[in-house]
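# Working through the structure, step by step
One letter stands for each residue in the lines below.
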Amino acid sequence: LECFSLHLKAVKLLNTLTFGGSFFSEMKNVLFIVADDLRTSLGCYGDPVVKSPNIDHLASKSQVFLNAYAQQAVCAPSRTSMLTSRRPDTTRLYDFKSYWRVHSGNYTTIPQYFKSKGYFTVSVGKVFHPGIASNHTDDYPYSWSIPAYHPPSFRYEKEKMCKGEDGKLHANLLCAVNVTEQPGGTLPDLESTDEAVRLLKSRVNNDDPFFLAVGFHKPHIPFRIPQEYLSLYPIEQMKLAPDPDVPKHLPPVAYNPWTDVRKRDDVQKLNISFPYGPIPKDFQLRIRQHYYAAVSYMDAQVGRLLSTLDALGLADNTVVVFTSDHGWSLGEHGEWAKYSNFDVTTRVPLIFFVPGVTTFLDWQGPSTFPFIDVLTQPEYIGKNVVELVDVFPTLSSIAGLGTPQSCPDVSFQEELCAEGRNLANTFRYGERGVNEEAVSFSQYPRPADTPQVNSDLPDLKDIKVMGYSLRSWDYRYTLWLGFDPKTFQVNVSDIHAGELYMLADDPGEDNNVYTAFDHSVIKKNMAILPPVSPDVLQQYKKLYFPPLLFCSVLELLPIYRLACLLHFISDSSRLWVCR
């Protein structure tokens, strides 16, 4: 019987490959998992310190994108961008204080699209950013079949819950706790996992497919986590970031002064000077210890979800997506938190498990996702640049729903379209070498050219400079340009600063070589462009930003100048950037 079962699976897969059937023709359930502030500190991404066995096991059976990037390294803009497949300049959300449906356009979201196709859609934890950014309803009823679930214990997250050395409770950054002593004897991510497990069990005998989105709060600060996870990371084994100092040639506008970290009670006691004063080394090590422990704690919750899929027999027909809204600095460049355009804050894990596609159904045993408890089992067993705006068209394709059309140049009036790319073909055919033209775009707003108290999270009205950053396979190039928050105009001739990092020699983005080149040609060419109006902003996104950033870098490296000309020779309107 076992042999016959394996034979049937093989025949089914062979038919799909041989007779032209699509890998993605059948509607599948979706388990969509989003972590909060998770950088690529995972074993499957090569981190030698972290213990993340459950996510690593998922990755071993999945399509893993090693170079995936968020569009803005802060929660609400990034989540809104990913869930609508619209860039921040289209959602016009750079802070936390507007709802895209009334502020920019009535854009369709990923869960809304699945709901329109007959899916039961439900949100658990932090998926959309709560508050005004999702209309105080997590975009219900547009996106969800029932109101979103938020763990009751989250109300204590910002209160004084951390026991200090004085025996009193504080609102600390470092907050490893005895869970039994917490209100209700639980923590938010534990409650979210419990609710998600309950929902999975409720869908076993239901014919309608489900889209279950689960948003974990960790490793977002404060690091209020079960204290036992610290034991995985002995403090004497922790190391500082390899580049803990502010780079010599970093423009002041690019630096984020990590004000949310400074506000915590235990950090305030350190009396760190603003904005560049370093955190004492012993405290840096403790921050890194707690961050990694928070990742392992979150990984355990992912393991509980995956093992539930197995136990319920749902793993054979459920697509699993795992990602994060953005990364987090752990002392690199003298920075902490997010709020920048560096790789450590914009790069995110992006993992797709598609049963029968990314791996054969597990023929070695009954379990696809065995739960791995890192506390008791410490041993366990895609290179091209992509973006979080690619998630919508990719996921809808592999779930068997078809892909929304690409957005036109101006898409404010388009309810359903995607500004990202459908990556589904890479699941079937794989990546054939490095795509040198693949790039991602991130951006970050600033209120001034020098670090201010509100530099990390400026309100829309206070934004004066926008940093547009292009990440290719071998360099990162950023221009900080004048921005008018009233008209959403970007003045491309108003260059405040620039950054250029050649990643082959400088993978940590520590040596800004922008000032080493003569940029007079670039500035001259940019001066002929008028401010970018809202109606043509998306046209400039395609016409101006990619070729300008691409060609301006290549123009600085004369050996590649010909390649630049050849690349755009078919489009004379773009040639001016290569002259």
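Anyway, here's the lowdown on the structure attached to this text. (Residues numbered from 1 in each chain as written. Predicted model: local features only at pLDDT ≥ 70, side-chain atom pairs only at ≥ 80, totals over all residues. Heavy atoms only, no water.)

### A look at the packing of helix 2 (residues 53-60) against helix 10 (residues 281-311)
Running from N to C, helix 2 and helix 10 cross one another at 50 degrees; their axes reach a closest spacing of 7 Å. As the angle between them shows, helix 2 and helix 10 are arranged oblique. Between helix 2 and helix 10, the residues in contact are Pro53, Asn54, Ile55 and Leu58 and Met298, Asp299, Ala300, Val302, Gly303 and Leu306, respectively. (Axes fitted to C-alpha atoms, helices over the stretch in contact; angles between N-to-C directions. Helix = DSSP H or I, 4+ residues; strand = E, 2+ residues; numbered from the N terminus. Parallel < 35°, antiparallel > 145°, perpendicular 65-115°, else oblique. Contact = heavy atoms within 4.5 Å.)

### What to know about the pattern of salt bridges
Counted by the stated rule, this structure contains 18 salt bridges. Two residues, Asp194 and Arg304, come together in a salt bridge whose shortest N-O distance is 2.5 Å. Of the two residues, Asp194 is situated in helix 7 (residues 188-202) and Arg304 in helix 10; the sequence distance between them amounts to 110 residues. Taking relative accessible area as the criterion, Asp194 reaches 40% and is therefore assigned partly exposed. Connected via shared salt-bridge partners are Asp36, Arg79, Lys126 and Asp325. (Salt bridge = Lys/Arg side-chain N within 4 Å of Asp/Glu carboxyl O. Buried < 20%, exposed > 50% of the residue type's maximum accessible area, 1.4 Å probe, protein only.)

### Remarks on the state of the cysteines
Among covalent bonds in proteins, the disulfide is the one between the sulfur atoms of two cysteines. The tally for this structure, following the rule as stated, stands at two disulfides. In this model, Cys162 is linked to Cys175 through a disulfide, with the two sulfur atoms separated by 2.1 Å. Between Cys162 and Cys175, the S-S torsion sits near -100 degrees, and that sign places the bridge as left-handed. You can see Cys162 sitting in strand 4 (residues 162-163) and its partner Cys175 sitting in strand 6 (residues 174-177), a full 13 residues away along the chain. For Cys162, a relative accessible area of 4% translates into the label buried. Across a sulfur-sulfur distance of 2.0 Å, Cys407 and Cys417 are joined as a disulfide pair. Here the disulfide of Cys407 and Cys417 is right-handed, its torsion about the S-S bond being about 90 degrees. Taken together, the residues span a long stretch of sequence, with Cys407 in the loop between helix 12 (391-398) and helix 13 (424-429) and Cys417 in the loop between helix 12 and helix 13 at a distance of ten residues. (Disulfide = S-S within 2.5 Å.)

### Notes on the sheet that holds strand 16 (residues 475-484)
Sheet architecture is open: four strands sit in the order 14-15-16-17, paired in antiparallel fashion. With one partner strand each, in any of the chains shown, strand 14 (440-446) and strand 17 (489-502) form the two edges of the open sheet. Adjacent strand axes in the sheet meet at a mean angle of 20 degrees, parallel and antiparallel pairs treated alike. As defined by bridge partners, strand 16 adjoins strand 17 across ten bridges and the pair is classed as antiparallel. If you follow Leu481 over to strand 17, its bridge partner there is Ile495. (Pairing = 2+ DSSP bridges.)

### Quick look at helix 3 (residues 75-84)
Most of helix 3 sits out of view: ten of its ten residues are buried. If you follow the buried residues of helix 3, they end up packed against strand 1 (29-35), helix 4 (88-91), helix 5 (100-103), helix 6 (110-116), strand 9 (318-324) and helix 12. Taken from the residues just after helix 3, Ser85 is the one with a positive phi, measuring 55 degrees.

### A few points about the sheet that holds strand 12 (residues 347-353)
Backbone hydrogen bonds are what pair the strands of a sheet, in a parallel or an antiparallel way. If you trace the seven strands from one edge of the open sheet to the other, you get 3-7-1-9-12-2-13, paired in mixed fashion. In the strand order of this sheet, the two ends are held by strand 3 (120-125) and strand 13 (385-387), each with one partner. Strand-to-strand, the axes of this sheet are offset by a mean angle of 25 degrees, without reference to chain direction. In terms of strand pairing, strand 2 (residues 63-69) meets strand 12 through five bridges, oriented antiparallel. When the bridges of strand 12 are listed, Phe65 appears paired with Leu350. Sheet strands touched by helix 3: strand 1 and strand 9. Its angle to strand 1, the strand with the most contacts, is close to 160 degrees. Together, strand 3 and strand 7 (210-215) form the strand contacts of helix 7, whose direction differs from that of strand 3 by roughly 160 degrees.

### Thoughts on the pairing of strand 12
Put simply, side chains in a regular strand alternate between the two faces of the sheet. Where burial is concerned, most of strand 12 is hidden: six out of the seven residues are buried. Two elements, strand 9 and strand 12, share four bridges in a ladder whose sense is antiparallel. Along strand 12, the bridge assignment pairs Thr323 with Leu350.

### Details of helix 7
For helix 7, with 15 residues, the first-to-last C-alpha span of 21 Å sits near the 21 Å given by 1.5 Å per residue. Taken as a whole, helix 7 has its buried residues at Pro188, Asp189, Leu190, Glu191, Ser192, Thr193, Glu195, Ala196, Val197, Leu199 and Leu200. Looking at the packing, one finds that the buried side of helix 7 touches strand 3, strand 7, strand 8 (223-226) and helix 10. (Expected span 1.5 Å × (residues − 1).)

By themselves, these figures tell us nothing about what the structure is for.
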